[in-house]
Amino acid sequence: MTRLFNKHYSSPRISQYFDLQIKPFESRLTIITLTRNACCHHARVWNKRNTIRATIPNTMLRPWITLPTDSLRIYFNLCIIKYFVDVISQNNHMKKNLLDLLAQFPNIDIQAMGFPSNWEQEPIWQN
């Protein structure tokens with residue numbers, strides 16, 4: 001997906017659709033791609049530190065993270081995915097699905113995943 005965007009569709013129109021500048025948009029696509037690849041190849045993602053840090057946009061026009069968050073943990077990746085999903089499908093069930101998944105595995109330390117306290121109250125998770 002990232003290669004396709006970079007090679008053929010690197011256009012401000014696509015990143016503008018997501019209310020992001022081109023560099024932060026490309027950086028987030030890369031993180032989604034790396035997360036997807038890790039999941040597809042059964043790699044550990046729940047408590048792993050990412051190797052790249054997302055480019056932070058100058059301004060955020062849509063709901064985003066307000067609490068201090070480790071951008072190298074899976075929680076940050078989930079927020080990126082939620083951001084894109086919210087743009088594509090406003091009435092999505094990602095938060096409910098995530099809460100259901102976490103409830104199925106109550107012994108998992110979500111702080112090791114980078115979840116801050118009261119993460120459910122973040123603007124990004126209000127949809």
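From a predicted model like this one, the values you see are computed outputs, not experimental measurements.

Basis of the calculations
Residues numbered from 1 in each chain as written. Predicted model: local features only at pLDDT ≥ 70, side-chain atom pairs only at ≥ 80, totals over all residues. Heavy atoms only, no water. Salt bridge = Lys/Arg side-chain N within 4 Å of Asp/Glu carboxyl O. Helix = DSSP H or I, 4+ residues; strand = E, 2+ residues; numbered from the N terminus. Buried < 20%, exposed > 50% of the residue type's maximum accessible area, 1.4 Å probe, protein only. 1 Å grid on protein atoms, 1.4 Å probe; cavity = no way out; pocket = protein on both sides within 12 Å on 5 of 7 lines; lining within 4 Å. Points joined across faces, edges and corners; volume = space filled by probe spheres on them. Nonpolar A, V, L, I, M, F, W, Y, C, P; charged D, E, K, R; others polar. Contact = heavy atoms within 4.5 Å. Polar contact = N/O pair within 3.5 Å; in protein donor to acceptor, adjacent residues only side chain to side chain. Axes fitted to C-alpha atoms, helices over the stretch in contact; angles between N-to-C directions. Left-handed = near helix turned anticlockwise from the far one by under 90°.

Participant: Break down the pattern of salt bridges for me, with residues and values.
Facilitator: Counted by the stated rule, this structure contains six salt bridges. Here D19 makes a salt bridge to R62, at a shortest N to O gap of 2.9 Å. Taken together, the residues D19 in the loop between α2 (12-17) and α3 (22-40) and R62 in the loop between α3 and α4 (74-88) connect sequence positions 43 residues apart. Exposure remark for D19: the relative accessible area of 25% places this residue in the partly exposed category. Between D86 and K82 there is a salt bridge, with the nearest N and O atoms lying 2.6 Å from each other. On the criterion of helical spacing, the pair formed by D86 and K82 is a turn pair, its members being four residues apart in helix α4.

Participant: Explain the layout of surface pockets residue by residue, including any values.
Facilitator: Of the pockets and cavities examined, the largest pocket occupies roughly 380 Å³. Along the walls of the largest pocket sit 17 residues, with V45, L78, L98, L101 and M113 positioned nearest its centre. Every element with two or more residues in the lining of the largest pocket is listed here: α3, α4 and α5 (94-104). The element contributing the most residues to the lining of the largest pocket is α5, with five residues. In terms of residue class, the lining of the largest pocket is made up of 14 nonpolar, two polar and one charged.

Participant: Give me the environment of Q21: which residues, what numbers.
Facilitator: Examined against the element boundaries, Q21 turns out to sit in the loop between α2 and α3. Note: C-alpha distance between Q21 and N58 (37 residues apart in sequence) is 8.2 Å. Those residues within four positions of Q21 in sequence are excluded, and the remaining contacts are S15, P57, N58 and T59. Here the side chain of Q21 touches N58 through a polar contact of 3.5 Å, landing on its backbone nitrogen.

Participant: How would you summarise the packing of α3 against α4 if you had to cite specific residues and measurements?
Facilitator: One can describe the packing of α3 onto α4 by two numbers: an axis separation of 10 Å at closest approach and a directional angle of 115°. Relative to α4, the crossing made by α3 is left-handed. Facing F25, R28, I31, I32 and T35 of α3, the residues of α4 in contact are I74, N77, I80, I81, Y83 and F84. In terms of residue class, the contact of α3 with α4 is built from eight nonpolar, two polar and one charged.

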